[in-house]
Amino acid sequence: MQVDVEPGVVGDDLNEELADRGLHFPSFPQSAAFSTIGGMLATDASGTKTVKYGEVGDWVLGLEVVRADGSVVETGTRARKSSAGYNLTELFVGSEGTLGVITRATLDLTALPAETVGGRATFATLDAATDAITDVVRSGIDVATLELIDPLTAEMANAYTGSDLPATPAVFFEIHGRGAAAELDAVTERFEAHDATRIESTANEEEMAELWRARREIGHALKEWDPDRALEVVGDVTVPIGSYPSIVAFIGEVSEEYGLPIPAFGHAGDGNAHYALLCDPGDPEERTRAHAASERIIERAIDLGGTCTGEHGIGADKRSQLRAEAGDEAVRTMRDVKEALDPNGILNPGTVLDDVDG
Ligand SMILES: Cc1cc2nc3c(=O)[nH]c(=O)nc-3n(C[C@H](O)[C@H](O)[C@H](O)COP(=O)(O)OP(=O)(O)OC[C@H]3O[C@@H](n4cnc5c(N)ncnc54)[C@H](O)[C@@H]3O)c2cc1C
């Protein structure tokens, strides 16, 4: 139930290989069709199934990493747990290539679920949908996936996929395991308590893929929505689940205040709200406004005890928000770690800490 894998392997290719053995790596992001193990570990990616299985980093037992001085360090063991010394595996996971280059990973695996049921539910209002989501999580129902799309995103997905989602908020869900039927009843009950307008579910793989098509294709749908507009900002703020309704509602308020359509969607069961700002590339004023709107959303997420990035990482774009989120002492500690491991700043310059004073 473990695999040693090189960093250039693509996520879905690995799972295809593992399926013959009845196993899978359960936590890949939605981009697993093209994202690599190295990239996913370096960003500590997560995805639609994180609500049950955690982040990519939660399944890493050990790493081989090349350090800035050319030496090679092995971290972790093959045991599921260890209290031996500093957790170097977790230090490198999510470090976005700024502390070392991952050259091999030992990943933990799990059995493919014995049963899977899933589907989608629509709601009359965004508040009803987000309240239903927090209610399901609070109720302790064992969901593997709980995703939201707002009415504008539904419209975009329909236009791209030809699907027929009503232009209302929709929640997509999946439940894994032998108790799936009972958990489905519990989910249905919670959705009905929040006046779901329609609930569809199935255990048939092809039917499920069809129900999920609109959610799966959002990345492409956003890009194709308006030929005169390009993706200027893709946000991935994440807040405690109790604040999820509030951050989604706030994205709507910011959209009105800044006069910009902002589709909101994402891995709702984790409190993760994705949003996108599409701009005319030749309109600098609109692009500036889009970044200001995104900053407002990030500030609110941080105020709610959340993070500016639940899964994409700081990269170059969110460096200015790192201090607001982490605080002076945490940034100083990160800077100390960076300087100890990469004193000449040769590993992924311009990423995470560059231009953030220690
Ligand atoms: C349509 C779409 C959907 C997406 N959905 C999700 C989602 O559901 N969840 C999610 O978390 N993200 C998602 N993403 C974002 C992105 O795909 C992830 O961040 C992914 O994990 C990055 O993998 P990659 O192979 O593309 O890495 P890259 O983009 O190539 O690299 C990412 C970072 O990792 C560093 N890196 C790469 N390899 C190594 C290595 N071997 N050692 C050290 N550092 C390394 C790079 O330098 C870079 O800083 C999505 C993106 C798209 C376009």
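Summary of the structure given here. (Residues numbered from 1 in each chain as written. Predicted model: local features only at pLDDT ≥ 70, side-chain atom pairs only at ≥ 80, totals over all residues. Heavy atoms only, no water.)

1. Looking at the overall build of the protein chain
Helices and strands together make up the secondary structure of the protein chain, namely 13 helices and 13 strands. A compact globule built from 358 residues should have a C-alpha radius of gyration of about 21 Å, and the protein chain, at 21 Å, falls within 12% of that. In terms of principal-axis extent, the alpha carbons of the protein chain reach across some 60 × 55 × 35 Å. Relative to its full complement of 358 residues, the protein chain shows a buried share of 50%. Once local pairs closer than 6 in sequence are excluded, the contacts in the protein chain between residues at least 24 apart make up 73%. Accessible area of the protein chain: about 16400 Å², with a carbon and sulfur share of 47%. Side-chain charges in the protein chain split into 28 positive and 64 negative, and the spacing between the mean points of these groups amounts to 3 Å. (Helix = DSSP H or I, 4+ residues; strand = E, 2+ residues; numbered from the N terminus. Rg over C-alpha atoms; globule rule 2.2 N^0.38 Å. Buried < 20%, exposed > 50% of the residue type's maximum accessible area, 1.4 Å probe, protein only. Contact = heavy atoms within 4.5 Å. Areas by Shrake-Rupley, 256 points an atom, 1.4 Å probe, with all protein chains shown as cover. Lys, Arg positive; Asp, Glu negative; His and termini not counted. Charge placed at Lys NZ, Arg CZ, Asp CG, Glu CD.)

2. Examining the sheet that holds strand 8 (residues 145-149)
As a general point, the strands of a sheet are linked pairwise by backbone hydrogen bonds and lie either parallel or antiparallel. Taken in spatial order, the seven strands of this open sheet run 10-7-9-8-12-13-11, and their pairing is antiparallel. With partners counted over all chains shown, the strands left at the sheet margins are strand 10 (196-202) and strand 11 (230-238), one partner each. Shown here is a sheet whose adjacent strand axes are inclined to one another by a mean of 20°, direction ignored. Alignment of strand 7 (residues 116-123) against strand 10, held across six bridges, turns out to be antiparallel. Each residue of the ladder has a partner; that of Thr122, found in strand 10, is Arg198. (Pairing = 2+ DSSP bridges. Axes fitted to C-alpha atoms, helices over the stretch in contact; angles between N-to-C directions.)

3. Points about the sheet that holds strand 3 (residues 60-66)
Spatially, four strands are ordered 1-5-3-4 in an open sheet, and the strand pairing comes out antiparallel. Of all strands in the sheet, those bounded by a partner on one side alone are strand 1 (2-5) and strand 4 (72-76). With direction set aside, neighbouring strand axes in the sheet form an average angle of 10°.

4. Notes on unusual backbone geometry
The backbone of Glu96 sits at a positive phi, close to 55°, despite the residue not being glycine. Tracing the backbone shows Glu96 in the loop between helix 4 (88-92) and strand 5 (101-108). Since its relative accessible area comes to 11%, Glu96 is described here as buried.

5. Focus: helix 11 (residues 284-303)
The end-to-end C-alpha distance of helix 11, which contains 20 residues, comes to 29 Å, matching closely the 28 Å that a straight helix rising 1.5 Å per residue would cover. Looking at helix 11, one finds that the buried residues are Glu286, Ala290, Ala293, Ser294, Ile297, Ile298, Ala301 and Ile302. The elements touched by buried residues of helix 11 are strand 11, helix 10 (244-258), strand 13 (272-279) and helix 12 (319-326). Sitting at the head of helix 11, Asp283 places a side-chain oxygen 3.2 Å from the backbone nitrogen of Glu285. Phi turns positive one or two residues past the end of helix 11, at Gly305, with a value near 90°. (Expected span 1.5 Å × (residues − 1). Polar contact = N/O pair within 3.5 Å; in protein donor to acceptor, adjacent residues only side chain to side chain.)

6. Notes on the site of the ligand
In the region of the ligand, 23 residues are neighbours, and Gln30, Ser31, Thr36, Ser46 and Ile102 sit closest. In the environment of the ligand, a nitrogen atom lies 2.5 Å from a nitrogen or oxygen atom belonging to the backbone of Ser46. One of the backbone nitrogen or oxygen atoms of Ile102 is found 2.9 Å away from a nitrogen atom of the ligand. Its free accessible area being 980 Å², the ligand has 69% of it covered by the protein chains. No other element matches helix 2 (residues 37-42), which puts four residues into the shell around the ligand. Grouping the constituent residues of the shell around the ligand by class yields eight nonpolar, 13 polar and two charged. Here the shell around the ligand spans two domains, and each of domain 1 (2-111) and domain 3 (226-341) adds at least three residues to it. (Near = heavy atom within 4 Å. Nonpolar A, V, L, I, M, F, W, Y, C, P; charged D, E, K, R; others polar. Domains from an automatic or database assignment.)

7. Things to note about the environment of Ala42
Looking at the secondary structure, you find Ala42 in helix 2. Ala42 sits 14 residues away from Phe28 along the chain, and the two C-alpha atoms are 13 Å apart. If near-sequence neighbours (up to four positions away) are discounted, Ala42 is found in contact with Gly94, Ser95, Glu96, Gly97 and Ile102.

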